[in-house]
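Coordinate analysis (summary)
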Amino acid sequence: MQRSRGERWFNVVNMLFMLVFAFLCMYPFIYILAISFNDAMDAQKGGIYIWPRMFSMKNYSVIFSDQNIFLAYGVTIGRVVVGVITQVLLVAMFAYVLTKKNFPLRRFLNWWIVIPMFLSGGLIPFYITLQQLHLLNSFWTYIIPGLYGAFNIMLVRTFMSELPEALEESAKMDGASDARIFFSIIFPLSKPVLATIALFVGVSHWNDWFTGFTFISNTKLWTAQNLLLFLIQSNEASNLAVLSKMHQGAVTVTAESIKMAMLIVTTAPILCIYPFLQKYFVKGIMLGSLKG
Amino acid sequence: MTTLAEAQTSSVTNTKPTLARRIMRKVWEQRWLYIFTIPGIIFFLLFSYYPMVGIVIAFQDYNPVKGYSGSEFVGLENFKTIFNLPDFTNALRNTVIISGLKLLIGFPATILFALLINEIHQTVFKRVVQTISYLPYFISWVIAAGLWYKMLSPDGGLINEMLTRIGILNEPFYFMGSTQAFLPIVIFTELWKNIGFNAIIYLAALSGIDPHLYEVSSIDGASRIRQIWHIALPGIRGTMVLLFILSASGLMSAGFDQLWTMGNLQVQEVGQILDTLILSYLRNSGGFMGLSLGATMGVFQATVGLILFLVCNFVAKLIKQESLI
C-alpha cells in the first residue's frame, strides 16, 4: 500500500511516543532496583540511574536477617495460599449452584450477591461487625471476610453455564450426586476460569495492605505491604529505631536503602508471575466486560 | 440418613405423598446444592448485610458498650454536625475535585492512548508496549507510592537531581509536601498506574471494528487522522459512553489507596478525601463520637454515590445503551 509522507511521520512519532511511555512505566522499578543493589552510603551521593555504581548485597542481607520482615513474608505467603484455595473452592461451589435452573433458591441467591455490590454499610459499621465477631487481630481477619467475591462468582457462573449440559445429564443417569458431578466434572472443566480468579485473588491478597493496617494492631501479624507502608510513612526517627534493631553494628545501610530493598522484595513476586498474570487478567477483564 | 429412609418409605407406602414430604424429598435430592451455598449465604449475611444494620449509628450517639440497640437516637444531629466540620467539607470538596480531575483528564487520555496503540501495526512492538503498559497496574499503591516518593524525594531523588543539574531548580524541592504539586502528582501517578490496563476495553472495542471500513476509506484517500476521527471514534462510542457513566458515578470515591499512601500531613488541605477522613476517624476516635460521625460521613458518601449511579444508569438507558446492571 502506498503511504504518504504525513503517514510515515505519524508512525514514527507514534512509535517514539510509545517507547517513551513504556520506558516511563518501567523506569521507576529499574531506578529503585539499581539503588537497592548499591552501597547505601555511596547511593546518597546520587547519580545512580540504571545500574548500581558500587554493587552491594548489604541491604538485602540486612532485610533477610530481620525477623520481622521474615515473619511478615511468612504471613503474606500464608494468606495468599489459604485465601486463594478457600476462595476458589467456595466460589466455584456457589457458582455451580447458580447454574442449576431447577434450584428453587437460584433467583434469591443471584440477588443475594448482587445487592451488596451497590449497597454497603461503610467502613465503620464493618469494623464494628468484625469486632463483634471477634475477628479483629487474628490471621483469620485476612481470610474470613474475604472468602467470597461477588464479581468472581459471576465470572465463574458465566463460564460454567456455557459448559455442555450433556456431560452432566449422562453423569446424572449413572446416578452421580451433585457433589460428585461438581468435583469430578465441573470443577476440572472450569480450570481456565478458576485459574483466572485464583490469580485475581492471589494478587489482591498479596497487594492488600488495608486489612492489616485497619483491623490488625498486632505487628507480628503484619504483611510485607504493612511493613513497607510503615517504613515509608514513618518518619526518620522511627525508621532509625527499626534499623538499629535490625542491624546492631556499624551503620552500612540507611533508612532509604532499606526501603528500596524492601520495595523490591515486595514487588518481586508480582514481577515473577507477571507473564501469566497479565494474560489471565486481560482474559478476565474481557469476560467481565462482555457479561458484566 | 433418617430423612432418606423416610422419603423412601413414603414413596413406597403412600401413593400420594403429602406436600411437606414432597418438599422434603426435593430438598433431600438437592442437598448438595444447599450445602454448597449455605456458607455463601452466611458469609454475605455476616459481612455485607449485617454491617448495613450498623448504618443506624449515623442516627445515634453510638456507644460501643451499649451497642446498636442501647445507644441513644439523635435524629439527623450527626449530619448537621459533619456539615459544620471544616475537615468534612474540605474532604468533600477534595473528593469531588480529585475524582473530577481524574475523570476529565484520565478519560480522554485513556482513549487517546488506546487509539494510538491501535494505530501501531508492528505486532511485536505493539504487544511489548502493551504488556509493559499494564505493569504498574499490578502493584499495590503502597509500592507505587514508595517508588514515586523516592523518585520525587528532595533528598537524592531522581527528579530533583535532574532539575537541579539542568538548572531549573536552584535547590531540591519537596514535591510531595507541596500543596501545589500534590494534585498534579496524584493525577499523573494515577495515569501512570492505570492507563495501560484501562485501555484494554477500548482496544477490544477497536478490534471489533470492521476492517473493511478502513480499507474503503483509505481507497478514498482518507488520512490516518481522519480514519481515527471518522471510523475508530464512532466505533467505540458505545464503550466510551458506558465507561464514562461508570466512572462518573464513582465521583464520591477519589482513590482511597492512592490518597492514603501518598498523602501526608503537609498536603492534607488538598489531599484529604472522604475515605481517608473516615479512616482517620476510625483510627483516632478517642471518643465514641468519632465512630458515629465517621459512619455518618460514610452514609452520606454511599447515598450520594448510589444516587449518582442510578442517575447515570438512567441516562445511559436514555441514550439507548445497555443498562449497567
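Please read these numbers as outputs of a predicted model, since none were measured by experiment. (Residues numbered from 1 in each chain as written. Chains lettered and ligands numbered in written order. Predicted model: local features only at pLDDT ≥ 70, side-chain atom pairs only at ≥ 80, totals over all residues. Heavy atoms only, no water.)

Observations concerning the overall build of chain A
- Broken down by element type, chain A carries 16 helices and zero strands.
- Whereas a compact globule of 292 residues would reach a radius of gyration of roughly 19 Å, chain A reaches 25 Å, over 25% beyond that.
- Across the 292 residues of chain A, 52% fall into the buried class.
- Considering only contacts within chain A whose residues lie at least 6 apart along the sequence, 71% involve residues at least 24 apart.
- Counting only carbon and sulfur atoms, one obtains 68% of the accessible surface of chain A, whose full area is about 14200 Å². (Helix = DSSP H or I, 4+ residues; strand = E, 2+ residues; numbered from the N terminus. Rg over C-alpha atoms; globule rule 2.2 N^0.38 Å. Buried < 20%, exposed > 50% of the residue type's maximum accessible area, 1.4 Å probe, protein only. Contact = heavy atoms within 4.5 Å. Areas by Shrake-Rupley, 256 points an atom, 1.4 Å probe, with all protein chains shown as cover.)

Considering the confidence of the model for chain B
Residue and element names in this part refer to chain B.
- Mean pLDDT over chain B works out to 87, with 92% of the residues at or above the 70 mark.
- Here helix α1 (residues 2-13) stands out as the element of chain B with the lowest mean pLDDT, 50, in contrast to helix α3 (residues 31-53), whose mean of 96 is the highest.
- Interface confidence for the predicted complex, expressed as ipTM, amounts to 0.89; the pTM equals 0.88. (pLDDT = per-residue confidence, 0-100.)

Considerations on the UniProt feature "transmembrane region" (unreviewed entry) in chain A
- Feature annotation in UniProt assigns "transmembrane region" (unreviewed entry) to the following positions: residues 12-34, 70-97, 109-128, 140-160, 181-203 and 258-277 of chain A.
- Taken end to end, residues 258-277 of chain A is 95% helix and 0% strand, and its first and last C-alpha atoms sit 28 Å apart. (UniProt positions renumbered as here; feature names shortened; annotations may be inferred.)

With respect to the state of the cysteines
Residue and element names in this part refer to chain A.
- Applying the stated criterion across every chain yields a total of zero disulfides over all chains.
- As a non-bridged cysteine, C272 has C25 as the owner of its nearest cysteine sulfur, 19 Å distant.
- Exposure remark for C272: the relative accessible area of 61% places this residue in the exposed category. (Disulfide = S-S within 2.5 Å.)

Notes on the UniProt feature "transmembrane region" (unreviewed entry) in chain B
Residue and element names in this part refer to chain B.
- When the UniProt feature table is mapped onto this chain, "transmembrane region" (unreviewed entry) is found at residues 32-59, 96-116, 128-149, 235-256 and 288-316.
- For residues 32-59, the helix share is 79%, the strand share is 0%, and the end-to-end C-alpha distance is 42 Å.
- As a span, residues 128-149 carries 68% helix and 0% strand, and end to end its C-alpha atoms are 27 Å apart.

Focus on the interface of chain A and chain B
- With 94 residues of chain A at the interface, the matching set in chain B holds 85 residues.
- Counting the surface chain A buries against chain B, the share from its top three residues, A:W112, A:I124 and A:W209, is 9%.
- Seen at the junction of chain A and chain B, the total is two salt bridges.
- Across the salt bridge formed by B:K150 and A:E256, the nearest N and O atoms sit 3.3 Å from each other.
- Scanning the region where chain A abuts chain B turns up 20 residue pairs in polar contact (both at pLDDT 80 or more). (Buried area = accessible area lost by both parts, 1.4 Å probe. Salt bridge = Lys/Arg side-chain N within 4 Å of Asp/Glu carboxyl O. Polar contact = N/O pair within 3.5 Å; in protein donor to acceptor, adjacent residues only side chain to side chain.)

Some details on the nonpolar core
- Membership of the largest hydrophobic core comes to 192 residues, with the highest contact counts inside it found for A:I113, A:Y148, A:I153 and B:L147.
- Two domains each provide a minimum of three residues to this core, namely domain 1 (2-75) and domain 2 (81-318) of chain B.
- Leave out the neighbours within four places in its chain, and A:I153 touches A:V91, A:F94, A:A95, A:L98, A:I113, A:Y148 and B:F44. (Core = buried A, V, L, I, M, F, W, Y, C linked by side-chain atoms within 4.5 Å. Domains from an automatic or database assignment.)

As for the packing of aromatic side chains
- For the structure on display, the rule yields 51 aromatic pairs over all chains.
- Taking the centre distance of 5.2 Å and the plane angle of 35 degrees together, the rings of A:F108 and A:W112 count as tilted. A residue pair is termed a helical-turn pair when its members lie 3 or 4 positions apart in one helix, as A:F108 and A:W112 do in helix α5 (residues 106-118) at four residues.
- Judged by relative accessible area, which is 38%, A:F108 ranks as partly exposed.
- Judged by relative accessible area, which is 14%, A:W112 ranks as buried.
- A centroid spacing of 5.7 Å and a plane angle of 65 degrees characterise the contact between A:F182 and A:F187, whose relative ring orientation is edge-to-face.
- Look at A:F182 and you get buried, because its relative accessible area is 0%.
- Accessibility expressed as a relative area gives 25% for A:F187, which makes it partly exposed.
- The positively charged end of B:R31 is found above the aromatic ring belonging to B:W28, 4.4 Å away from the centroid. (Phe/Tyr/Trp six-rings, centres within 6.5 Å; stacked < 30°, edge-to-face > 60°. Lys NZ or Arg CZ within 6 Å of the ring centre and 35° of its normal.)

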